[in-house]
Amino acid sequence: MTMPTIKDRPRIAIIGGGIIGMSVGWRLAQAGASVDIFDRGTAGQGATRAAAGMLAAGVEAEPGEQPLLPLCLESQTRWPGFAAELETLTGLPVGLRREGTLVVASTRDEVELLRANYEFQRGLGLDLVWLTGAAAKEKEPFLNPRTAAGVFSARDGQVDNRLASAALRSALQKTGARLHEGVDVTGLDVQGGRIGGVVLGDRIVAADQVVLAAGAWSRLVPGQASPPPVRPVKGQMMSLAMDPANPLLTHVVWAPKCYLVPRTDGTLIIGATTEEKGFDSQMTAGGILALLDAAWRALPGVEELPVKEMWTGLRPGCRDDAPILGRAAGMDGLILATGHHRNGILLAPITADTIADLVLTGRTDPHIARFAADRFNAARAA
Ligand code: GLY
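The structure presented is a predicted model; accordingly, all values stated were derived computationally and were not measured.

Looking at the overall build of the protein
Each helix and strand in the protein was counted, giving nine helices and 19 strands. The C-alpha radius of gyration of the protein comes to 21 Å, within 12% of the 21 Å expected for a compact globule of 382 residues. Within the protein, buried positions represent 54% of all 382 residues. Counting contacts in the protein only where the partners sit at least 6 residues apart, residues at least 24 apart contribute 73% of the total. Accessible surface, the protein: about 16100 Å² in total, of which carbon and sulfur atoms supply 53%.

Some details on the nonpolar core
Grouped together as the largest cluster of nonpolar side chains are 49 residues, with contacts concentrated most on Ile 14, Leu 28, Trp 79, Val 211 and Ile 355. Apart from residues lying up to four places away in sequence, Val 211 is in contact with Ile 12, Ala 13, Ile 14, Ile 15, Val 24, Ile 335, Ala 337, Ile 355 and Val 359. One finds Ala 136, Met 242, Leu 268 and Ala 298 within the second-largest nonpolar core, a separate group that totals 25 residues.

Notes on the site of the ligand
Neighbouring residues of the ligand: Met 54, Glu 60, Tyr 259, Ala 272, Arg 315 and Arg 342. Residue Arg 315 places a side-chain N or O atom 2.7 Å away from an oxygen atom belonging to the ligand. A distance of 3.0 Å separates a nitrogen atom of the ligand from a polar atom in the backbone of Arg 342. Burial of the ligand by the protein amounts to 88% of the accessible area it has alone, namely 200 Å². Of the residues that constitute the shell around the ligand, the class distribution is three nonpolar, no polar and three charged.

Focus on the pattern of salt bridges
As enumerated under the stated definition, the model contains 20 salt bridges in all. Across the pair Glu 275 and Lys 234 runs a salt bridge, and its minimum N-O distance is 4.0 Å. Of this pair, Glu 275 sits in the loop between strand 16 (267-271) and helix 7 (285-298) while Lys 234 sits in strand 13 (residues 231-241), and the two are 41 residues apart along the sequence. Note on Glu 275: relative accessible area 12%, which makes it buried. Judged by relative accessible area, Lys 234 falls into the buried class, the value being 0%. A salt bridge links Arg 297 to Asp 293; its shortest N-O distance comes to 3.0 Å. Separated by four residues within a single helix, Arg 297 and Asp 293 lie in helix 7, roughly one turn from each other. Ionic contacts of the salt-bridge type, sharing partners, join the residues Arg 27, Glu 74, Arg 78, Glu 85 and Asp 353 into one network.

Regarding the packing of aromatic side chains
Inspection of the entire model under this criterion finds five aromatic pairs. Ring geometry for Trp 26 and Phe 82: centres 5.4 Å apart, planes at 70°, overall edge-to-face. Taken together, the positions of Trp 26 in helix 1 (residues 19-30) and Phe 82 in helix 3 (residues 69-90) put the pair 56 residues apart, joining distant regions of the chain. You can call Trp 26 buried: its relative accessible area is 0%. The exposure class assigned to Phe 82 is buried, which follows from its relative accessible area of 2%. Put simply, the rings of Trp 26, Trp 79 and Phe 82 touch in pairs and so form one group of aromatic residues. Against the face of Trp 130 rests Arg 115, its NZ or CZ located 3.9 Å from the ring centre.

Some points on the sheet that holds strand 5 (residues 128-132)
The strand order 5-6-4-14-15-16-13-17 describes an open sheet built from eight strands, whose pairing is mixed. Two strands in the sheet have a free side with no partner beyond their single neighbour: strand 5 and strand 17 (307-317). The average angle at which neighbouring strand axes cross in this sheet is 20°, direction not considered. Taken together, the five bridges between strand 4 (residues 101-105) and strand 6 (residues 149-153) define a ladder with antiparallel strand orientation. By the bridge assignment, Thr 101 is partnered in strand 6 with Ser 153. Here helix 4 (residues 108-123) sits on the sheet and contacts strand 4, strand 5 and strand 6; the angle it forms with strand 5, its principal contact strand, is near 160°. Contacts between helix 7 and the sheet are confined to strand 13, strand 14 (252-255), strand 15 (258-262), strand 16 and strand 17, with strand 13 contributing the most and set at about 55° to the helix.

Comments concerning empty space enclosed by the protein
Under the definition given, this model contains two cavities of 30 Å³ or more. Put simply, the largest cavity is a space of about 80 Å³. In terms of lining residues, the largest cavity is bounded by Ala 56, Ala 57, Glu 60, Ala 61, Glu 62, Glu 65, Leu 68, Leu 69, Cys 72, Asn 343 and Leu 346. Tallied by class, residues from the lining of the largest cavity come to seven nonpolar, one polar and three charged. Its residues placed into classes, the lining of the second largest cavity shows no nonpolar, two polar and five charged.

Criteria and thresholds
- Throughout, residues of each chain are indexed from 1 in the direction in which the sequence is written.
- The predicted nature of this model means local features are confined to residues of pLDDT at least 70 and side-chain atom pairs, given and counted, to a pLDDT of 80 or more, with totals for whole chains, interfaces and linings taken over all residues.
- Computation of side-chain values covers all heavy atoms of the structure but excludes hydrogens and water.
- In DSSP terms, a helix is any run of H or I states spanning at least four residues, a strand is any run of E spanning at least two, and both are numbered starting from the N terminus.
- We take the radius of gyration over the C-alpha atoms and set the globule estimate at 2.2 Å times the residue count to the 0.38 power.
- The buried label applies to any residue whose accessible area, calculated with a 1.4 Å probe on protein chains only, is under 20% of its type's maximum; exposed applies above 50%, and partly exposed to all values in between.
- Note on definitions: a residue-residue contact is assigned when non-hydrogen atoms from the two residues lie within 4.5 Å.
- The Shrake-Rupley method, run with a 1.4 Å probe sphere, supplies the accessible areas, and residue values consider only the shown protein chains as cover.
- Among buried residues, the Ala, Val, Leu, Ile, Met, Phe, Trp, Tyr and Cys ones that are joined through side-chain atoms within 4.5 Å form a nonpolar core.
- Proximity is defined per residue: any heavy atom of the residue falling within 4 Å of a molecule or strand makes that residue near it.
- N or O atoms closer than or at 3.5 Å make up a polar contact, with two conditions inside protein: a donor-capable atom paired with an acceptor-capable one, and, for residues adjacent in sequence, both atoms drawn from side chains.
- Side-chain classes follow a simple rule in which Ala, Val, Leu, Ile, Met, Phe, Trp, Tyr, Cys and Pro form the nonpolar group, Asp, Glu, Lys and Arg form the charged group, and the remainder, Gly included, forms the polar group.
- Any carboxyl oxygen of Asp or Glu within 4 Å of a side-chain nitrogen of Lys or Arg constitutes a salt bridge here.
- In summary, the pairing rule links any two rings of Phe, Tyr or Trp, Trp by its six-membered ring, whose centres are within 6.5 Å, and it sorts them by plane angle into stacked for under 30 degrees, edge-to-face for over 60 and tilted for everything else.
- We count a charge as sitting over a ring when the NZ of a lysine or the CZ of an arginine lies within 6 Å of the ring centre and within 35 degrees of the ring normal.
- Note on pairing: DSSP must find at least two bridges between two strands before they are called paired.
- Simply put, an axis is a line fit to the C-alpha atoms, just over the touching stretch for a helix, and the angle between two N-to-C directions goes from 0 to 180 degrees.
- The rule is simple: put a 1 Å grid over the protein atoms alone, call a set of points where a 1.4 Å probe fits but cannot get out a cavity, call an open set with protein on both sides within 12 Å along at least five of seven lines a pocket, and count a residue as lining if it has an atom within 4 Å of a point.
- Grid points are joined across faces, edges and corners, and a volume is the space filled by probe spheres set on the points.

Next up, the structure:
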């Protein structure tokens, strides 16, 4: 990437200070752009904070999502470098862990489903290993004794999304990007179909290009010619406190109807419901009951653990579960980086690299070529 001179330093406004907006902003500021990020609340406190931080391109690959897999795998490959760069720059840890991820099943029905998913995922070339129940319990001794089978993905792991978010905030500061919090973007300044900046109530902040990275709220940013078809998909989650010196779990574990993510500090995250409830972000008794029941079936020892926290988040979902990455239709200078659904943390490094490249050079990286917003028009026309 050629470093622009100060004279022609591009001014970039980013709407949304989640992990996507902050990562893109960091890359742009590193390349010499003048970057302003606007968040309606506090940066990193929406879906970025709610996430579990799983880097699970392998075990999360679902039928119908094959086009997404190369993007997820590539971003997962970039995470160690992204994490190391962030940690070196800021001196802050991001909690990247790569000890592998385990999927477990107990009943015959669950084992059959696990086998079908395993065969599908192996068919995609993913390097997964089938385990007997005993072998799964060797990896995680506190799993339910009834655990009958497992699948192990050595390359899947996790990052601590809350730590990564704090590190990104510091990286933005160190690279000279400006973060504006509690600021609502009320419109886009557009002249002759070309973006001129963002509108904040009665003032305009001029920008050569604007990146829309507002997660579940992306469709609602006023003034767009063609708002992206992103909707909120609610997830309820909770965490328990393990003894960090003697944790109940050391790998990320996917069990029927829940996943369990052990952090180094002893936090055990249990997630997540998937609910179509619009912008409703209430915790419900049913949501917590479902999570605890599923977690207890997989790992009975959770019943002794203190409850630490409960929260909800809104995933930015798209019809095909893939993100929208590329130029917006009908508005020169507006770039979309949204709709990451279940994969916002995983896809942060590749989104940052490719969107910064698109903004600075006009080049669409082949990794994101198929994820432009116009794919939805093509689907309608077909
Ligand atoms: N990627 C995990 C979730 O969306 O709950």
